[in-house]
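Structural features, examined
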Amino acid sequence: MTELTQSRRTQHVELGIEGTSLPKTWFAADMRITPSNFVVGTLGFSEQAERRGFNQEEWSWINGVAQVTDTASEETVVPFAVDLHEKRRWVAFATTPRIQPAGFTKGFQGVLNQAVIDEGLIPTEWDVDLVTSRSQVDEWLFNNPLVHMMRRTVKFSNPGRDIDDDRQEMRALGARRKTEEFRAPRNGVLNTESNVFLDKLDGTETGDLELELLARGNQGVAEVRFRSKEEADQKQISDFERDLSQGMDTVLAALQEYVADKQTRLPPGQDTAG
């Protein structure tokens, strides 16, 4: 991360889906390492957009000169921070209407992986995984006990809690993901109080596991769904009013507070995911 911070190669072109969107060029920039061993910076994308000037002589928008520019806006650039301490790689970032959690993770991992290739470093493929606290999962299960489907995807790339049996199988097969699904019989439910079920929830807290649950709803609601990708840990931060320098400081403070809280909640040796 230190080398990439100084490389100025942290950019990645995300190709648009044909006929629906234009390519985006993502940049991780303004990066610096703090004395407390965190990286702070900005991540954003520029995109082609048409800007039309007003024609004063003809008093017309129609006859105004149109120019295509490749630019960003306050909605396409956000501050972020990364914990660089050994065996941790926690990441925090702000969001905008146009950069939501899934978009940030896709952009950031694209930038990192492209920079590693461009710098000629040891080949790797980094994942940026959203983290969902176990308390959120437990609260959802308490409110929605009639679970009839569980789908879990175990990830291999990030450090963190060893899910030994799963990862041994993945190593043997040369796989980076393992997805398994459990469904109850028709009109039945899974035993969500069994140790087997509870053990299979381990990993959301450290970003090693993506989890999807389906439950029958109450009071006329046919079905309720939980997706860990949509329930990432969040907290309110003070408005930095488009001042990205202030935003980096704000996000860094939020990450430091989050990491301190994580260390008190995770068992020893499990504060190691990114």
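Structure's up top.
Calculation rules
- Residues numbered from 1 in each chain as written.
- Predicted model: local features only at pLDDT ≥ 70, side-chain atom pairs only at ≥ 80, totals over all residues.
- Heavy atoms only, no water.
- 1 Å grid on protein atoms, 1.4 Å probe; cavity = no way out; pocket = protein on both sides within 12 Å on 5 of 7 lines; lining within 4 Å.
- Points joined across faces, edges and corners; volume = space filled by probe spheres on them.
- Helix = DSSP H or I, 4+ residues; strand = E, 2+ residues; numbered from the N terminus.
- Nonpolar A, V, L, I, M, F, W, Y, C, P; charged D, E, K, R; others polar.
- Core = buried A, V, L, I, M, F, W, Y, C linked by side-chain atoms within 4.5 Å.
- Buried < 20%, exposed > 50% of the residue type's maximum accessible area, 1.4 Å probe, protein only.
- Polar contact = N/O pair within 3.5 Å; in protein donor to acceptor, adjacent residues only side chain to side chain.

Sizing a probe to match a water molecule and rolling it over the atoms shows the empty space that remains. One number sums up the size of the second largest pocket: a volume of about 280 Å³. Around the second largest pocket sit 17 residues that line it, and T105, V128, K155, E210 and K229 are the ones nearest its centre. Among the secondary structure elements, those contributing two or more residues to the lining of the second largest pocket are α2 (101-119) and β9 (209-216). For the lining of the second largest pocket, the leading source of residues is α2, giving 4 residues. Broken down by class, the residue content of the lining of the second largest pocket amounts to 4 nonpolar, 4 polar and 9 charged.

With that out of the way, let us pick up the nonpolar core. Counting 19 residues, the largest nonpolar core has L43, F80, F104 and F108 as the members making the most contacts within it. Those elements giving two or more residues to this core turn out to be β2 (24-33), β3 (38-52), β5 (77-83) and α2. A total of 6 residues in this core trace back to one element, the largest contributor, which is α2.

Attention shifts here to the side chain of D127. Locating D127 in the fold gives a position in the loop between α2 and α3 (134-143). At 3.2 Å, the side chain of D127 and the side chain of R176 are in polar contact. A polar atom in the side chain of D127 sits 3.0 Å from the side chain of R177.

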